[in-house]
Amino acid sequence: MGTNMSDKALARGVLVWASLFGAVSFDVFDQYGSSTFSTRDQLFEHQFALLVELAGLM
């Protein structure tokens, strides 16, 4: 891909991007269903925090 990133860092970045894309899509298009989670904003915040940690940003 023409970067100086290690394969491990690149794979981790792609995983985080795909996961974030999925989390946003599930929330925006109501894929969880209306009665699955009562506090979807907290679920999204938790997912985002895990992805930030996985990306090595915290």
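As the structure is a computational prediction, the values presented were derived from the model and not from experiment.

**Student:** Got a sec to walk through helix H2 (residues 40-55)? Specific residues and values, please.
**Tutor:** With 16 residues, H2 should reach 22 Å at 1.5 Å per residue; the first-to-last C-alpha distance of 22 Å fits that figure. Immediately downstream of H2, the backbone of Gly56 shows phi near 80°, a positive value.

**Student:** Give a description of unusual backbone geometry that names residues and reports values.
**Tutor:** Positive phi, close to 55°, is recorded for Asp30, a residue that is not glycine. Note that Asp30 resides in the loop between helix H1 (7-28) and H2.

**Student:** Please provide a residue-by-residue account of the pattern of salt bridges, values included.
**Tutor:** All chains considered together, the criterion is met by two salt bridges. In this structure, the salt-bridge partner of Asp27 is Arg40, at a minimum N-O distance of 3.1 Å. With Asp27 in helix H1 and Arg40 in helix H2, this pair connects stretches of sequence that are 13 residues apart. Using a relative accessible area of 29% as the deciding quantity, one classes Asp27 as partly exposed. In this structure, Asp30 and Arg40 form a salt bridge, with 2.5 Å as the shortest nitrogen-oxygen distance. With a gap of ten residues between them, Asp30 in the loop between H1 and H2 and Arg40 in helix H2 connect regions that are remote in the sequence. In this structure Asp30 comes out as partly exposed when scored by relative accessible area, which is 38%. Here the salt bridges do not stand alone but share partners, grouping Asp27, Asp30 and Arg40 into one network.

Reading guide: rules and limits
Residues numbered from 1 in each chain as written. Predicted model: local features only at pLDDT ≥ 70, side-chain atom pairs only at ≥ 80, totals over all residues. Heavy atoms only, no water. Helix = DSSP H or I, 4+ residues; strand = E, 2+ residues; numbered from the N terminus. Expected span 1.5 Å × (residues − 1). Salt bridge = Lys/Arg side-chain N within 4 Å of Asp/Glu carboxyl O. Buried < 20%, exposed > 50% of the residue type's maximum accessible area, 1.4 Å probe, protein only.

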